[in-house]
2 protein chains.
Amino acid sequence: MANKLTLDSVRDALIREEDSIVFSLIERARFPYNAPAYDSSFLGNGLSIAEFYVRESESLQAKVGRYQKPEDVPFFPKDLPRPFPPTKDSQSLLYPASASVSVNEAIWKFYFTELLPLFTEKGDDGNYASSVASDFVCLQAISRRIHYGKYVAEAKFTDAPQDYSTAISSEDRDRLMNLLTFVAVEEAVKKRVEKKARLFSQNVTLDENDSDQTKYKINPSVVSHLYDKWVMPLTKVVEVEYLLLRLS
Amino acid sequence: MANKLTLDSVRDALIREEDSIVFSLIERARFPYNAPAYDSSFLGNGLSIAEFYVRESESLQAKVGRYQKPEDVPFFPKDLPRPFPPTKDSQSLLYPASASVSVNEAIWKFYFTELLPLFTEKGDDGNYASSVASDFVCLQAISRRIHYGKYVAEAKFTDAPQDYSTAISSEDRDRLMNLLTFVAVEEAVKKRVEKKARLFSQNVTLDENDSDQTKYKINPSVVSHLYDKWVMPLTKVVEVEYLLLRLS
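Residues numbered from 1 in each chain as written. Chains lettered and ligands numbered in written order. Predicted model: local features only at pLDDT ≥ 70, side-chain atom pairs only at ≥ 80, totals over all residues. Heavy atoms only, no water.

Asks: Report on the overall build of chain A, specifying residues and quantitative values.
Replies: Helix and strand content of chain A: nine helices and zero strands. The order of helices and strands in chain A, counted from the N terminus, is α-α-α-α-α-α-α-α-α. Its C-alpha atoms give chain A a radius of gyration of 19 Å, within 12% of the compact-globule value 18 Å for 248 residues. Seen through its C-alpha atoms, chain A measures out along the principal axes to roughly 55 × 50 × 35 Å. Here chain A holds 248 residues, and 54% of them are scored as buried. (Helix = DSSP H or I, 4+ residues; strand = E, 2+ residues; numbered from the N terminus. Rg over C-alpha atoms; globule rule 2.2 N^0.38 Å. Buried < 20%, exposed > 50% of the residue type's maximum accessible area, 1.4 Å probe, protein only.)

Asks: Outline the pattern of salt bridges, listing residues and values.
Replies: Under the definition given, this model contains 39 salt bridges over all chains. A salt bridge links R30(A) to E17(B); its shortest N-O distance comes to 2.9 Å. Placement of the pair is R30(A) in the loop between α1 (7-28) and α2 (49-63) and E17(B) in helix α1 (residues 7-28), with the two residues belonging to separate chains. The exposure class assigned to R30(A) is partly exposed, which follows from its relative accessible area of 23%. Residue class for E17(B) comes out buried when judged on its relative accessible area of 0%. (Salt bridge = Lys/Arg side-chain N within 4 Å of Asp/Glu carboxyl O.)

Asks: Hey, could you go over the environment of A106(A) for me, with residue numbers and the actual values?
Replies: Along the polypeptide, A106(A) turns up in helix α3 (residues 104-119). On a C-alpha basis, the gap between A106(A) and W230(A) in space is 9.0 Å, while along the polypeptide they are 124 residues apart.

Asks: Give me helix α6 (residues 161-169) of chain B: which residues, what numbers.
Replies: Residues and elements named next belong to chain B. Regarding α6, the residues found buried are Y164, A167 and I168. Viewed end-on, α6 has its buried residues packed into an arc of 100°, placing them on one side of the element. Residues of α6 that are exposed and point over 90 degrees away from its buried face: Q162, T166 and S169. Where the residues of α6 are buried, they touch α5 (149-159), α7 (173-179) and α9 (220-246). (Arc of directions from axis to C-beta. Contact = heavy atoms within 4.5 Å.)

Asks: Give me the lowdown on the relation of the copies chain B and chain A, citing residues and values where you can.
Replies: Laying chain B over chain A is done by rotating through 180° and shifting 0.0 Å along the axis; what remains is an RMSD of 0.0 Å. As the rotation angle and translation indicate, the two copies are arranged about a two-fold axis. By C-alpha distance to the rotation axis, the residue of chain B lying nearest is F200(B), at 2.8 Å. Taken as a fraction of all interface residues of chain B, those also at the interface in chain A reach 100%, which identifies the copy contact as same-surface. (Least-squares fit on C-alpha atoms with pLDDT ≥ 70 in both.)

Asks: Give me the lowdown on helix α9 (residues 220-246) of chain A, citing residues and values where you can.
Replies: Residues and elements named next belong to chain A. Spanning 27 residues, α9 covers 37 Å between terminal C-alpha atoms, matching the ideal 39 Å at 1.5 Å per step. Of all the bends found along α9, the most pronounced is centred on Y227 and spans about 40°. By the criterion of burial, α9 is predominantly enclosed, with 19 of the 27 residues buried. (Expected span 1.5 Å × (residues − 1). Bend = angle between axes of the 7 residues up to and from the residue.)

Asks: Lay out the interface of chain B and chain A with the relevant residues and their values.
Replies: Each partner contributes residues to the interface: chain B has 49 residues there, and chain A has 49 residues. Looking only at chain B, the three residues that lose the most surface to chain A are R30(B), V204(B) and L206(B), adding up to 14% of its buried area. Joining chain B to chain A, the criterion identifies six salt bridges. Listed by contribution, the elements that provide at least two residues to the side of chain B that touches chain A are α1, α2 (49-63), α4 (128-147) and α8 (183-200) of chain B. Ranked by residues supplied to the side of chain B that touches chain A, first place goes to α2(B) with eight residues. Each residue belonging to the side of chain B that touches chain A can be placed in one class, and the counts come to 21 nonpolar, nine polar and 19 charged. (Buried area = accessible area lost by both parts, 1.4 Å probe. Nonpolar A, V, L, I, M, F, W, Y, C, P; charged D, E, K, R; others polar.)

Asks: Tell me what's going on with the packing of helix α4 (residues 128-147) of chain A against α9(A), and back it up with residues and numbers.
Replies: Residue and element names in this part refer to chain A. The geometry of α4 relative to α9 is characterised by a closest axis approach of 8 Å and an angle of 50° between their N-to-C directions. In terms of axis orientation, α4 runs oblique to α9. Facing I142, R145, I146 and H147 of α4, the residues of α9 in contact are L226, Y227, W230, V231, M232, L234, T235 and V238. Broken down by class, the residue content of the contact of α4 with α9 amounts to nine nonpolar, two polar and one charged. (Axes fitted to C-alpha atoms, helices over the stretch in contact; angles between N-to-C directions. Parallel < 35°, antiparallel > 145°, perpendicular 65-115°, else oblique.)

Asks: Can you tell me about the packing of aromatic side chains, naming the residues and giving the values?
Replies: Tallying each qualifying case throughout the model produces 28 aromatic pairs over all chains. Measuring from centroid to centroid gives 5.3 Å for F84(A) and F52(B), while their planes differ by 70°, and the two rings are edge-to-face. Placement of F84(A) in the loop between α2 and α3 and of F52(B) in helix α2 is noted, with the two residues assigned to different chains. Overall, the relative accessible area of 37% leaves F84(A) in the partly exposed class. Residue F52(B) is classed as buried on the basis of its relative accessible area, which comes to 9%. Linked through ring pairs, Y33(A), Y38(A), F75(A), F76(A), W108(A), Y111(A), F112(A) and F119(A) together constitute an aromatic cluster. Residue placement shows R66(A) over the ring face of Y67(A); its charged tip is 5.8 Å from the ring centre. (Phe/Tyr/Trp six-rings, centres within 6.5 Å; stacked < 30°, edge-to-face > 60°. Lys NZ or Arg CZ within 6 Å of the ring centre and 35° of its normal.)

Next up, the structure:
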């Protein structure tokens, strides 16, 4: 995120994140669903391979300085180690209390129970380590996109504090959700991410006419569904929760 | 890799890996070069953040079952923990002695000293954890592509054992390198990966005519250079080393 917060700079970051999400899903789709990786009785320690992997990876990434920025929100924030390299003092552009806003529990749930079966093939090829490493990249990209909502909310609030203050003071979530919803923009986002999924998951060949654009590595409509059903609604939840803390 | 080894199935895997490499480079290019992440005096333990991160990540991935397949070759193979989930007995299609073939030292070197400065912007934005996590994904994709060379060599050998046996017996590396080189194929690969880089790193917009295809997130020619200078030559080194063990 740039030093000066504008709605345009936030929008650029959101659009860039779309590419990351599409790439990450395409990479996870190299492997089938691989159910044993999500079975919490598999390792014998009560954790699934996926949960064990994400917990350990977050701990490692925290050690080397991740989770200092408002958009990088850990899935397992308890007992994360402190970073041991000297970290740059990143002056946050956000209201400090907002650090606590996280919808990662909801993301974790929809990702594994609803989204993953939609874009992976059924089956088990034994590649659990590669699968959960890819899951982690997907989760991080989706979570980052959704928690950018904090910047969206701050930029919108700064642009028109009067519009939001009344609704914030009366804790009127419905009114806030209404103020934050722009149907035409959301429709355009859904179309754009579907187009990106089509472009990025096609099988590219050198023959201009033969580029078999009907065979996609992921179904492009799954990505617009992901945005429609989860990414955009949860981003607005983050925005509302952020705003409710904004005047506290 | 499928159960039956054919040159066609190997080629499909190589082509699919091109997409992974391009995606991984685009993702790393979100951040500038970030020199302190590669400075071995930075953490105080003699390791750079990058090396510390890769060592710890490989250890974690080994625990959950990675590095069981011939194309997944660790950068730091010493003292890797044994996997603790039950792993599927993956019957290797390769000659067993070939497990020792690795050019990861060369990959590590060219990636950090030559490739990384070519596709990242100069500068330091403090995002070291995200940068080295992306480096690890790049390194894994490039290494996997290059070590697929073991399958290429096995398929080519099986197709025409007579052609290779004399050169293998006399340990004639030049002759083997010659047998394995197909200039027209290599030129096509370079063109295809450059096209993929163009397609996948463009800024996608909904306006058909306005899609600003001149602004790429990475310079497409860097990817063909990567293939020309490192990926294809090192793949052939892997093939030669594999074949030299093939009759032992």
